[in-house]
Amino acid sequence: MVCVAIAYGVFSLSTADSAEPNYDESRVPAYTLPDLLVTQDARPVKSATMWRATRRPELLDLFATQVYGRRMTKPAAARYEVTETSALEGTARRKQVNVDFVAGDKTIPGLTITMYVPAGRRAVPAFVGLHLFDTSAKEPKPAMPIEAILQRGYAIATLNASDFCPDDKDRFREGVLAHDYPGRNGPPGPEEPGAIATWAWGLSRAMDYFETDADIDANRVAVIGHSRMGKTALWAGAEDERFAIVISNESGCGGAALSRRQFGETVRAINDRFPHWFCGNFRQYNDKEDTLPVDQHMLIALIAPRPVYVASAEEDRWADPRGEFLAAFHASPVYHLLGTDGLPADEMPPIDNPVHGTIAYHIRAGEHDLARYDWEQYLHFADRQWKQEK
Ligand code: GCU
């Protein structure tokens, strides 16, 4: 016993990989989720008005101060430089938009949006995310069903994290953060935005651009992300209500998965390996998930009543598929309060059997990936949501 305890202690001090991940359902600790519909000062939230006026802002603030960091403000002005070429044998237009920010008499280099728009179409709905396709390649790779997306009448747009907030613990401030946090180094301060908050901010800047581009219907933009960018999509959709649909593909810890389950990746594991992703305060919850004032079902509820899709993969145990399902499930009471149907399932559905309500969920066979199967479900979901609204 003593040996085990000592070995464990040394191991956790040596940071990086801390303890072995738990993949055993019977070892998930007993936990109580913080109540979505009770305010911090213990008042029950009984109406949509009270959700919007009190509980939603309170939860947004908790996620900003305890998990992701407070996002940077919107720059006073942006300058867009658009280059357009014909692509995919004339079926699409490829647009590259260089976005610079204007602050006083200074121009701050910002980010680049690369998009494909179906040829001959205007005001189309769009999917946007980070790293959806390789922007340096002449044409996107076949794993990305770009033709199918365009044929269904959608545009697709991507951002590269490396343009404005490199995914690197030593360099993440070298992009847009250098302007707001000059001369800082080390991991983010208590409420300072980490990379996820900064990437989410970038998605909002892409949305600002869509509002100026007649090719895109800015009222029908779905934000989508895989894995770390799935976490980003959820936080972007929670903070910025202009995103009409939010899609989280295998976002796991700090994304759709409930932290309190400590299944697969834990708060400590993610903070140790990726100290630049979250705000400094999030580290207080290493090995103390049950003291978090929020859990990730609340992040999904912040998107309500807008449609949200949470997806898992069977072999992606690190992301805790069951924890992702449960977060979607436990977000439902807010969807119900706001007059929608939430997730129409009490149990996790079988493999490759999506359930689609205003909250949708599937668990696909196979490993951690944004696969063609996933895209097919998302296209179907978006078709359904947006046709219904016509
Ligand atoms: C790591 C990390 C996950 C993340 C994933 C990814 O596995 O631990 O939290 O989702 O990378 O982004 O691919």
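The following paragraphs examine the structure supplied in this document. (Residues numbered from 1 in each chain as written. Predicted model: local features only at pLDDT ≥ 70, side-chain atom pairs only at ≥ 80, totals over all residues. Heavy atoms only, no water.)

Considerations on empty space enclosed by the protein
- Within the structure shown, the criterion is met by one cavity of 30 Å³ or more.
- There is about 70 Å³ of room inside the largest cavity.
- Together, Cys 253, Ala 257, Leu 258, Ser 259, Gln 262, Phe 263, Glu 265, Thr 266, Val 267, Trp 318, Ala 319 and Asp 320 line the largest cavity.
- Its residues assigned to classes, the lining of the largest cavity comprises seven nonpolar, three polar and two charged. (1 Å grid on protein atoms, 1.4 Å probe; cavity = no way out; pocket = protein on both sides within 12 Å on 5 of 7 lines; lining within 4 Å. Points joined across faces, edges and corners; volume = space filled by probe spheres on them. Nonpolar A, V, L, I, M, F, W, Y, C, P; charged D, E, K, R; others polar.)

Looking at helix H2 (residues 48-68)
- When the terminal C-alpha atoms of H2 are compared, their 26 Å separation across 21 residues is substantially less than the 30 Å that a helix rising 1.5 Å per residue should span.
- Remark: the principal bend of H2, roughly 40 degrees, maps to Arg 55, with a proline, Pro 57, within the next four residues.
- Trailing H2 by a residue or two, Gly 69 shows a phi angle of about 100 degrees, which is positive. (Helix = DSSP H or I, 4+ residues; strand = E, 2+ residues; numbered from the N terminus. Expected span 1.5 Å × (residues − 1). Bend = angle between axes of the 7 residues up to and from the residue.)

A few points about the site of the ligand
- The environment of the ligand is made up of Ser 227, Arg 228, Lys 231, Glu 265, Ile 270, Arg 273, Phe 274, Trp 277, Trp 318 and His 368.
- One of the side-chain N or O atoms of Lys 231 is found 2.8 Å from an oxygen atom in the ligand.
- His 368 is positioned such that a nitrogen or oxygen atom in its side chain is 3.4 Å from an oxygen atom of the ligand.
- Among the secondary structure elements, those contributing two or more residues to the shell around the ligand are helix H7 (228-239) and helix H8 (267-273). (Near = heavy atom within 4 Å. Polar contact = N/O pair within 3.5 Å; in protein donor to acceptor, adjacent residues only side chain to side chain.)

Focus: the packing of helix H6 (residues 195-210) against H7
- Between H6 and H7, the least distance of the axes is 8 Å, while the angle of their chain directions is 60 degrees. Regarding the angle of H6 to H7, the classification is oblique. Handedness of the H6/H7 crossing: right-handed. Residues Ile 196, Ala 197, Trp 199, Ala 200 and Leu 203 of H6 form the contact with H7, whose participating residues are Arg 228, Met 229, Lys 231, Thr 232, Trp 235 and Ala 236.
- Of the residues that constitute the contact of H6 with H7, the class distribution is eight nonpolar, one polar and two charged. (Axes fitted to C-alpha atoms, helices over the stretch in contact; angles between N-to-C directions. Parallel < 35°, antiparallel > 145°, perpendicular 65-115°, else oblique. Left-handed = near helix turned anticlockwise from the far one by under 90°. Contact = heavy atoms within 4.5 Å.)

Comments concerning the environment of Arg 228
- The topology assignment puts Arg 228 in helix H7.
- Sequence separation of Arg 228 and Asp 341 is 113 residues, and the distance between their C-alpha atoms is 28 Å.
- Residue contacts for Arg 228: discarding those within four places in its chain leaves Asp 167, Trp 199, Phe 274 and Trp 277.

Some thoughts on the sheet that holds strand E10 (residues 359-364)
- Pairing is mixed across the open sheet formed by ten strands, whose spatial order is E1-E2-E3-E5-E4-E6-E7-E8-E10-E9. Each end of this open sheet is capped by a strand with a single partner; those strands are strand E1 (77-87) and strand E9 (355-356).
- One ladder, built from twelve bridges, connects strand E2 (residues 92-103) with strand E3 (residues 106-118); its direction is antiparallel. Of the residues in E3, the one forming a bridge with Val 97 is Ile 113.
- Sheet strands touched by H7: strand E4 (124-130), strand E6 (216-226), strand E7 (245-249) and strand E8 (308-313). Its angle to E6, the strand with the most contacts, is close to 140 degrees.
- Sitting on the sheet, helix H10 (residues 321-337) touches E8 and E10, and the angle it makes with E10 is about 170 degrees. (Pairing = 2+ DSSP bridges.)

Some points on the packing of aromatic side chains
- All told, the structure shown has 19 aromatic pairs when counted by the stated rule.
- Judged by centre distance (3.8 Å) and plane angle (5 degrees), the rings of Phe 274 and Trp 277 are stacked. Of the two residues examined, Phe 274 and Trp 277, each falls in the buried class.
- Linked through ring pairs, Phe 127, Tyr 154, Tyr 309, Trp 375, Tyr 378, Phe 381 and Trp 386 together constitute an aromatic cluster.
- Arg 317 extends its terminal NZ or CZ atom over the ring of Tyr 23, reaching a point 3.9 Å from the ring centre. (Phe/Tyr/Trp six-rings, centres within 6.5 Å; stacked < 30°, edge-to-face > 60°. Buried < 20%, exposed > 50% of the residue type's maximum accessible area, 1.4 Å probe, protein only. Lys NZ or Arg CZ within 6 Å of the ring centre and 35° of its normal.)

Things to note about unusual backbone geometry
- The omega torsion across Ala 304 and Pro 305 is 0 degrees, close enough to zero to call that bond cis.
- Tracing the backbone through its elements, the reader meets Pro 305 in the loop between helix H9 (296-301) and E8.
- The backbone of Asp 287 shows a phi angle near 60 degrees, a positive value even though the residue is not glycine.
- Examined against the element boundaries, Asp 287 turns out to sit in the loop between H8 and H9.
- Look at Asp 287 and you get partly exposed, because its relative accessible area is 46%.

Let's talk about the pattern of salt bridges
- According to the stated counting rule, one finds 33 salt bridges in the structure shown.
- Of the charged contacts, one joins Arg 70 and Glu 191 as a salt bridge, the two residues approaching to 2.9 Å between their closest N and O atoms. Within this pair, whereas Arg 70 is found in the loop between H2 and E1, its partner Glu 191 is found in the loop between helix H5 (177-180) and H6, the two being separated by 121 residues in sequence.
- Using a relative accessible area of 33% as the deciding quantity, one classes Glu 191 as partly exposed.
- Ionic contacts of the salt-bridge type, sharing partners, join the residues Lys 74, Arg 205, Asp 208, Glu 211, Asp 240 and Arg 242 into one network. (Salt bridge = Lys/Arg side-chain N within 4 Å of Asp/Glu carboxyl O.)

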